[in-house]
Amino acid sequence: MKSKQDIIQKIEQILPQTQCCRCGFADCAAYAKAVVYRTAHAHLCSVGGDETAQKIAEIAGVSLYQKVANEPKFVVQIDENRCIGCTKCLVACPVNAVSGAAKLMHTVIADECTGCGLCLPVCPTDCMQTIEVQDNFLPRNTFLSSNKNPQQAASEHARLRYQQQQTFRQPETVEYTQKTLNINQLLNKAQQKTASQKRISVKSDELAQQELQQQKQRSYQRNLRRKKQYGLDDEQ
Ligand code: SF4
Ligand code: SF4
Ligand code: SF4
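Residues numbered from 1 in each chain as written. Chains lettered and ligands numbered in written order. Predicted model: local features only at pLDDT ≥ 70, side-chain atom pairs only at ≥ 80, totals over all residues. Heavy atoms only, no water.

Asker: In this structure, what is going on with the environment of Ala42? I would like to understand it.
Answerer: With respect to the element layout, Ala42 can be found in the loop between helix 2 (28-36) and helix 3 (49-60). Taking the relative accessible area as the measure of exposure, Ala42 reaches 2% and is therefore buried. Here the alpha-carbon distance between Ala42 and Gly61, two residues 19 residues apart in the chain, equals 9.9 Å. When neighbours within four sequence positions are excluded, Ala42 is seen to be in contact with Tyr31, Ala53, Ile56, Ala57, Val62 and Leu64. (Helix = DSSP H or I, 4+ residues; strand = E, 2+ residues; numbered from the N terminus. Buried < 20%, exposed > 50% of the residue type's maximum accessible area, 1.4 Å probe, protein only. Contact = heavy atoms within 4.5 Å.)

So this is what it looks like as structure tokens:
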């Protein structure tokens, strides 16, 4: 007979590991444990959708009371011209998918983003937007996992990024996060924000092209500003 710990681990393997808290728990591990200890229903992970809910119910040996609607997948992009480098999104990201430093422009590493949406409500300049993607699983990077199943590899990669983030976070950052980010408030805001955002819908292979175009535009605008600042004309 399998131990509770084995069952929790099996459920963890099939959860998306975005750590988005939409199930009402602090992370995917907490939700898996709650299902096994019968303090949560099997249909609460909306990110995993109906297929995941059915598998959870089967592994935990419980009934599934509700069908789960499948959610579209998205990643987040930062409008770098409007970013003020406040680091709030960097602190809020559970899988370390935001790169940046205080008072400097921040960027989302698209291949690490799980689309959890937790960074959206904390941005004071509202310069983050969601881009709908056609991927079946996120994140796209899976190199931390050796699992052959693409869904489980993405999920394991995200879980390991989350665990690394927890391990290497400085105690003062954790304290800052606990003081400034009330997880329930953050979750409510993230859900409202995600629902209200106008999604840009692009095919996965178009995303890189779109990013390239945006970078070109930003570079053109930066050049214009520099020329204006230093009084240069177009030939210089
Ligand atoms: S992916 Fe989000 S909703 Fe699903 S179990 Fe993990 S934290 Fe909960
Ligand atoms: S949506 Fe935001 S918080 Fe979530 S993984 Fe992507 S960058 Fe990080
Ligand atoms: S929260 Fe917004 S303004 Fe602050 S660093 Fe992130 S993207 Fe920039």
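Asker: What should I look at first to understand the site of ligand 2 in this one?
Answerer: By nearness alone, 13 residues border ligand 2, and Cys93, Cys113, Cys116, Gly117 and Cys119 come closest of all. Its residues assigned to classes, the shell around ligand 2 comprises 10 nonpolar, three polar and no charged. (Near = heavy atom within 4 Å. Nonpolar A, V, L, I, M, F, W, Y, C, P; charged D, E, K, R; others polar.)

Asker: Before we go on, may I ask you to explain the layout of surface pockets in this structure?
Answerer: Any empty space left between the atoms is revealed when a probe the size of a water molecule rolls over them. Size it by volume and the largest pocket reaches roughly 550 Å³. Contributing to the lining of the largest pocket are 31 residues, with Val47, Gly48, Glu71, Lys73 and Asn136 lying nearest its centre. If you list the elements that add at least two residues to the lining of the largest pocket, you get helix 1 (4-14), helix 3, strand 1 (73-78), helix 5 (150-168) and helix 7 (183-196). Here the residues of the lining of the largest pocket are counted per class, giving 11 nonpolar, 13 polar and seven charged. Each of domain 1 (4-60) and domain 2 (73-216) accounts for three or more of the residues forming the lining of the largest pocket. (1 Å grid on protein atoms, 1.4 Å probe; cavity = no way out; pocket = protein on both sides within 12 Å on 5 of 7 lines; lining within 4 Å. Points joined across faces, edges and corners; volume = space filled by probe spheres on them. Domains from an automatic or database assignment.)

Asker: Would you take a moment to explain the site of ligand 3 for this structure?
Answerer: The immediate surroundings of ligand 3 are formed by Ile78, Cys83, Ile84, Gly85, Cys86, Thr87, Cys89, His106, Cys123, Pro124, Thr125 and Cys127. Residue composition of the shell around ligand 3, by class: eight nonpolar, four polar and no charged.

Asker: What's the story with the pattern of salt bridges in this structure? I'm lost.
Answerer: Side-chain pairing between opposite charges can occur once the charged atoms of the two side chains come close. Scanning the entire structure with this criterion turns up eight salt bridges. When the shortest N-O distance is used, the salt bridge between Arg140 and Asp111 registers 3.7 Å. Of this pair, Arg140 sits in the loop between strand 4 (128-133) and helix 5 while Asp111 sits in the loop between strand 3 (107-108) and strand 4, and the two are 29 residues apart along the sequence. With relative accessibility at 25%, the residue Arg140 sits in the partly exposed group. Owing to a relative accessible area of 33%, Asp111 belongs among the partly exposed residues under this scheme. Of the charged contacts in the structure, one is a salt bridge between Arg161 and Glu112, with a shortest N-O distance of 3.4 Å. Placement of Arg161 in helix 5 and of Glu112 in the loop between strand 3 and strand 4 is noted, with a sequence separation of 49 residues between them. Considered together, Arg161 and Glu112 belong to a single accessibility category, that of buried residues. A network of salt bridges, in which partner residues are shared, links Asp111, Asp135 and Arg140. (Salt bridge = Lys/Arg side-chain N within 4 Å of Asp/Glu carboxyl O.)

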